[in-house]
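# Structure at a glance
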Amino acid sequence: MTADATEGVFTTVTEVLADRLAHIQDRVVSAAALAGRALDEISIIPITKFHPESLIRELYALGVRDFGESRHQEARQKAVDLADLSDLTWHFVGQVQGKKARQVREYSRVIHSVDRLSLVEALAGGPVPTATFIQVNLSDEEHRGGAAAADVEVIAEAILAADGLTLEGVMAVAPLGENPRYAFARLREISDRVRRIDGSATAISAGMSGDFEDAILEGATHLRLGTAITGNRPVAG
Ligand SMILES: *Cc1c(COP(=O)(O)O)cnc(C)c1O
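As the structure is a computational prediction, the values presented were derived from the model and not from experiment. (Residues numbered from 1 in each chain as written. Predicted model: local features only at pLDDT ≥ 70, side-chain atom pairs only at ≥ 80, totals over all residues. Heavy atoms only, no water.)

## Describing the pattern of salt bridges
This structure, assessed with the given rule, holds twelve salt bridges. Of the charged contacts, one joins Arg27 and Glu213 as a salt bridge, the two residues approaching to 2.9 Å between their closest N and O atoms. Of this pair, Arg27 sits in helix 1 (residues 13-35) while Glu213 is found in helix 8 (residues 212-217), placing the two residues 186 residues apart along the sequence. You can call Arg27 partly exposed: its relative accessible area is 27%. On the basis of relative accessibility, which here comes to 27%, the residue Glu213 falls in the partly exposed class. For Glu74, the salt bridge goes to Lys78, with nearest N and O atoms at 2.7 Å. Pair noted here: Glu74 and Lys78 are both in helix 3 (residues 72-81), with a separation of four residues, about one helical turn. Overall, the relative accessible area of 15% leaves Glu74 in the buried class. Several salt bridges share partner residues, and in doing so they unite Glu69, Arg71, Glu74 and Lys78 into one network. (Salt bridge = Lys/Arg side-chain N within 4 Å of Asp/Glu carboxyl O. Helix = DSSP H or I, 4+ residues; strand = E, 2+ residues; numbered from the N terminus. Buried < 20%, exposed > 50% of the residue type's maximum accessible area, 1.4 Å probe, protein only.)

Below, the structure is given as structure tokens:
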């Protein structure tokens, strides 16, 4: 029997998703044990971009309450259509355009991708606190998403001074073409620098389907998992 046998025609979507969640949980448990870390400081945020609302409802029925999206139009529509699930928390993990910042703030309780001072200003002043992560560019390519490591302190200070924003910690995507463990080790050092400014900003949003064990070994607290949970994304229309 291969693992795929569990995905046969007589298996429901719910069973497939429950199975994947359980499998990921096992891998998180092993990686946390290897790292000597407590399990309760590691949370999984399913990333549901390109997937229909029905999939989010399936995961919700399995007990999932945190969901991540990366495209504003799609995320906003899902937040409206799923408003009946009132205890659901939306995380925004994609690039935020300055002129859309307030809209993103309206439905997202957590924004993982604050990467510049002008965005801090655009997001500030909301009626309910928005939790933020500073996204850091771990590659040497400037066009990649995220702030330069050298700018992180300035952005952290700005978030701490801003009304309506809280600072959770740092976020990054491992660059292609490098062992992700090394990249996440650099992120951990950047996280240490941020903690020196604000001792409570201890969160590290890192780790995707292909590299979350490496991220756990380097201190990740928020794993952003797409395909490992949802299966392949439908091709973008
Ligand atoms: C899509 C996405 C993920 C999830 O990616 P997978 O490789 O499918 O796990 C994580 N973080 C961000 C910023 C994303 O856009």
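More follows now that the structure is in view.
## Some points on the pairing of strand 2 (residues 66-69)
Pairing of strand 2 with strand 3 (residues 89-92), which is carried by four bridges, proceeds in the parallel orientation. Bridging across to strand 3, Asp66 finds its partner in Thr89. The parallel pair strand 2 and strand 3, bridged by helix 3, forms a crossover whose chirality is right-handed. (Pairing = 2+ DSSP bridges. Right-handed = clockwise from strand over helix to strand, strands pointing away.)

## Looking at the packing of aromatic side chains
Each aromatic ring pair is characterised by the separation of its centres together with the angle its planes make. All chains considered together, the criterion is met by one aromatic pair. A ring pair is formed by Phe67 and Trp90, whose centres lie 6.2 Å apart and whose planes are at 45 degrees; its orientation type is tilted. Pair noted here: Phe67 is in strand 2 and Trp90 is in strand 3, with a separation of 23 residues, a long-range link. We classify Phe67 as buried; its relative accessible area is 0%. Of note, Arg65 hangs over the ring of Tyr60, and the distance from its end group to the ring centre comes to 3.6 Å. (Phe/Tyr/Trp six-rings, centres within 6.5 Å; stacked < 30°, edge-to-face > 60°. Lys NZ or Arg CZ within 6 Å of the ring centre and 35° of its normal.)

## Observations concerning unusual backbone geometry
The phi angle at Phe50 is positive, at roughly 70 degrees, despite the residue not being glycine. Following the sequence through the fold, Phe50 ends up in the loop between strand 1 (43-46) and helix 2 (53-61).

## A word on the nonpolar core
Counting residues in hydrophobic clusters, the biggest one holds 58 residues, and the most contacted among them are Ile159, Leu187 and Leu223. Setting aside chain neighbours within four positions, we find Leu223 in contact with Val28, Ile42, Ser43, Ile44, Ile45, Ala206, Gly207, Phe212 and Ile216. Core analysis: the next-biggest nonpolar cluster, separate from the first, contains five residues, Val110, Phe133, Met171 and Ala203 among them. (Core = buried A, V, L, I, M, F, W, Y, C linked by side-chain atoms within 4.5 Å. Contact = heavy atoms within 4.5 Å.)

## Considering the packing of helix 2 against helix 3
In the contact formed by helix 2 and helix 3, the axes pass within 11 Å of each other and the chain directions differ by 55 degrees. The angle between helix 2 and helix 3 falls in the class oblique. In this structure, the crossing between helix 2 and helix 3 has a hand that is right-handed. Packed against helix 2, whose contacting residues are Glu53, Ile56 and Arg57, the element helix 3 presents Gln77, Lys78 and Asp81 at the interface. Of the residues contributing to the contact of helix 2 with helix 3, the split by class is one nonpolar, one polar and four charged. (Axes fitted to C-alpha atoms, helices over the stretch in contact; angles between N-to-C directions. Parallel < 35°, antiparallel > 145°, perpendicular 65-115°, else oblique. Left-handed = near helix turned anticlockwise from the far one by under 90°. Nonpolar A, V, L, I, M, F, W, Y, C, P; charged D, E, K, R; others polar.)

## A word on helix 6 (residues 152-161)
By the burial criterion, the buried members of helix 6 are Val152, Ile155, Ala156 and Ile159. The arc that holds the buried residues of helix 6, viewed along the axis, is 100 degrees, so those residues lie on one side. Elements that come into contact with the buried residues of helix 6 comprise strand 4 (110-114), helix 5 (117-123), strand 5 (130-135), strand 6 (165-171) and helix 7 (180-197). (Arc of directions from axis to C-beta.)

## A word on the environment of Ala174
Note on placement: Ala174 falls in the loop between strand 6 and helix 7. Residue class for Ala174 comes out buried when judged on its relative accessible area of 14%. Separated by 102 residues in sequence, Ala174 and His72 place their C-alpha atoms 22 Å apart. Among all residues touching Ala174, those that are not within four sequence positions of it are Pro180, Phe184 and Asp211.

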